[in-house]
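Each chain, letter by letter, is given below.
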Amino acid sequence: MASTNFIDFVCNPDSTCTMDACFMAFDKNCDGKLNLDEFRVLCQALFRNNSGVTYELKDYELRDIFTIFDSNHDDFIDRDEFTYCWNNWIKVIVRPISAILIIDVQNDFICGTLDISKCPAKQNAEEVIQPINSLLDTLEFDAIFYSYDWHPSDHVSFLDNINLRKLHESSPKKDPETVQLYDTVVFEGEPPVTQRMWPRHCVQNTWGSELHKDLKVVENATKIYKGTNPEVDSYSAFWDNSKLTDTKLAYQLKMRNITDVYVCGVAYDVCVGATAIDAISSGFRTILLDDCCRGVDLLDIEKTKNTVIKNHGVVVNSNRVKNMVEGNDRRPELGYKLALNLKEQKQNSV
Ligand SMILES: [Zn+2]
């Protein structure tokens, strides 16, 4: 029946009229409010893939969402409550505003000093370029960001700088001569700094820090530089590892009203993973693009995916993105997460 077509509802220019039509279509017993069963049917129409197949919400998720929108706790969603639900939840799910974050597709990680094919997972980072380019060629994202690992020469993460700083007494290795690549040490500091040691890489304004020549760079995209403080590393494109400095990425996304963030690039289990987790905690519906990422360690890649899923993000291949960006493939995990974010917002504003 036509009432289940949310695209028609939300895209109609007279949105008050369509909101009412939507409400009435799901208020089966015409009592002017939605009970849990009526809301369940609404959710079945809302959470569907592009072939019209319904994704089932878990029962506790449905109840949680219903409770979040039933703000006077009378077990019904009335018109006023539905207006809030419509404007802040349904509209976002059907018409998301999407950004793609392309993380660290730089020479050093692909064929330079930190070529990840030499790391335990032996993955070829160059393989991310084709699927990322294909997304950029075929889809209209509302915003595109490229991050750069962008280190000064005396950066704390470089093994060859190990003698520039004192190791803390809690460091697993206390003699700098014994520290090897990929070891984790603790440097003295207030507080002490835990740091994994990497080969010198992505030094500012060197060939190694340039984006790979085959990566499509879209005009008007925004570049984010991270790891610029010599004393602290920065895996995430949002924050450094000690959460001292904000790259302003979250601010820039919010300024553009971005709701959904797609994350891809290198290295899956390091900078991509850290960025995805920060995207989720910054309140964005977050999608990890599995076939557009390559990483360092297979076990850590699995952990990264599991962490994203556990926090109500999703992990998909890039061939699913078009329908998601266009609001034709609407995932319940992301809808549930958005409802939880709205609940948090409400609690913070009280
Ligand atoms: Zn780095």
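Please read all numbers here as calculations on a predicted model, not as lab measurements.

## Remarks on the sheet that holds strand 9 (residues 285-294)
And then number 1: Taken together, six strands build an open sheet; the order of strands is 7-4-3-8-9-10 and the sheet is parallel. Either end of the sheet is taken by a strand with one partner, and the two such strands are strand 7 (222-226) and strand 10 (314-316). Taken over all neighbouring pairs, the strand axes of this sheet differ in orientation by 25° on average, direction set aside.
And then number 2: Sheet topology note: the strand 9/strand 10 ladder contains three bridges and is parallel. What sits directly across from Leu-288, in strand 10, is Val-315.
And then number 3: The strands that helix 9 (residues 268-281) touches are strand 3 (98-103), strand 4 (143-149), strand 8 (260-266) and strand 9; relative to strand 8, the one it contacts most, it runs at about 170°.

## With respect to the domain arrangement of the protein
And then number 1: Taken domain by domain, the protein consists of domain 1 (2-94), domain 2 (98-153 + 201-326) and domain 3 (159-197).
And then number 2: The centre of domain 1, based on its C-alpha atoms, is set 54 Å off from the matching centre of domain 3.

## Section: unusual backbone geometry
And then number 1: A cis amide bond links Glu-190 to the next residue, Pro-191, at an omega of -5°.
And then number 2: Mapped onto the secondary structure, Pro-191 falls in the loop between strand 5 (184-187) and strand 6 (193-196).
And then number 3: A cis amide bond links Val-266 with the next residue in sequence, Ala-267, at an omega value of -15°.
And then number 4: Among the structural elements, Ala-267 can be located in the loop between strand 8 and helix 9.
And then number 5: The residue Asp-104 is not glycine, and still its phi comes out positive at about 50°.
And then number 6: Relative to the helices and strands, Asp-104 resides in the loop between strand 3 and helix 6 (107-111).
And then number 7: Here Asp-104 falls in the buried class, since 30 other C-beta atoms lie within 10 Å of it.
And then number 8: At Tyr-182, a position not held by glycine, the phi torsion is positive, near 70°.
And then number 9: For Tyr-182, the position within the fold is in the loop between strand 4 and strand 5.

## Structural notes on the nonpolar core
And then number 1: Leu-101, Val-263, Cys-264 and Val-272 are the most contacted members of the largest nonpolar core, which has 62 residues in total.
And then number 2: Per-element tally for this core: the top contributor is helix 9, with nine residues.
And then number 3: Beyond its immediate stretch of four places on either side in the chain, Leu-101 contacts Phe-145, Ser-147, Ala-237, Val-261, Tyr-262, Val-263 and Thr-275.
And then number 4: Grouped together as the second largest cluster of nonpolar side chains are 28 residues, Cys-43, Leu-46, Trp-86 and Ala-339 included.

## A closer look at helix 5 (residues 79-94)
And then number 1: For helix 5, with 16 residues, the first-to-last C-alpha span of 20 Å runs short of the 22 Å given by 1.5 Å per residue.
And then number 2: Those residues of helix 5 not exposed but buried are Phe-82, Cys-85, Trp-86, Trp-89, Ile-90, Val-92 and Ile-93.

## Details of the packing of helix 5 against helix 12 (residues 332-349)
The geometry of a pair of packed helices is captured by two quantities: the angle between their axes and the separation between those axes.
And then number 1: Relative orientation of the contacting elements helix 5 and helix 12 amounts to 150°, with a least axis distance of 10 Å. If you check the angle between helix 5 and helix 12, you find them roughly antiparallel. Of the two possible hands of crossing, helix 5 and helix 12 adopt the one that is right-handed. Contacts between helix 5 and helix 12 involve Asn-88, Trp-89, Val-92 and Ile-93 from the first element and Gly-335, Leu-338, Ala-339 and Leu-342 from the second.

## Here we look at helix 9
And then number 1: Relative to the 20 Å expected for 14 residues at 1.5 Å per residue, helix 9 spans 18 Å between its end C-alpha atoms, a close match to the ideal helical length.
And then number 2: Most of helix 9 is tucked away, with 13 of its 14 residues classed as buried.
And then number 3: Of the residues trailing helix 9, Gly-283 is marked for its positive phi of about 95°.

## Some words on the environment of Leu-46
And then number 1: By secondary structure assignment, the location of Leu-46 is in helix 3 (residues 36-46).
And then number 2: Between the C-alpha atom of Leu-46 and that of Tyr-336, which follows or precedes it by 290 residues, the distance is 12 Å.
And then number 3: When neighbours within four sequence positions are excluded, Leu-46 is seen to be in contact with Phe-6, Ile-90, Ile-93, Arg-330 and Gly-335.

## Notes on the packing of helix 9 against helix 10 (residues 298-310)
And then number 1: Packing of helix 9 against helix 10 brings their axes to within 9 Å, and their N-to-C directions diverge by 10°. Taken together, helix 9 and helix 10 sit at an angle that is classed as roughly parallel. Contacts from Tyr-268, Asp-269, Gly-273, Ala-276 and Ile-277 of helix 9 reach helix 10 at Asp-300, Ile-301, Thr-304, Thr-307 and Val-308.
And then number 2: Looking at the contact of helix 9 with helix 10 residue by residue, the class counts come to five nonpolar, three polar and two charged.

What counts, and where the lines are drawn
Residues numbered from 1 in each chain as written. Predicted model: local features only at pLDDT ≥ 70, side-chain atom pairs only at ≥ 80, totals over all residues. Pairing = 2+ DSSP bridges. Helix = DSSP H or I, 4+ residues; strand = E, 2+ residues; numbered from the N terminus. Axes fitted to C-alpha atoms, helices over the stretch in contact; angles between N-to-C directions. Contact = placed C-beta atoms within 7 Å. Domains from an automatic or database assignment. Buried ≥ 20, exposed ≤ 12 C-beta atoms within 10 Å, placed from the backbone. Core = buried A, V, L, I, M, F, W, Y, C linked by C-beta atoms within 7 Å. Expected span 1.5 Å × (residues − 1). Parallel < 35°, antiparallel > 145°, perpendicular 65-115°, else oblique. Left-handed = near helix turned anticlockwise from the far one by under 90°. Nonpolar A, V, L, I, M, F, W, Y, C, P; charged D, E, K, R; others polar.

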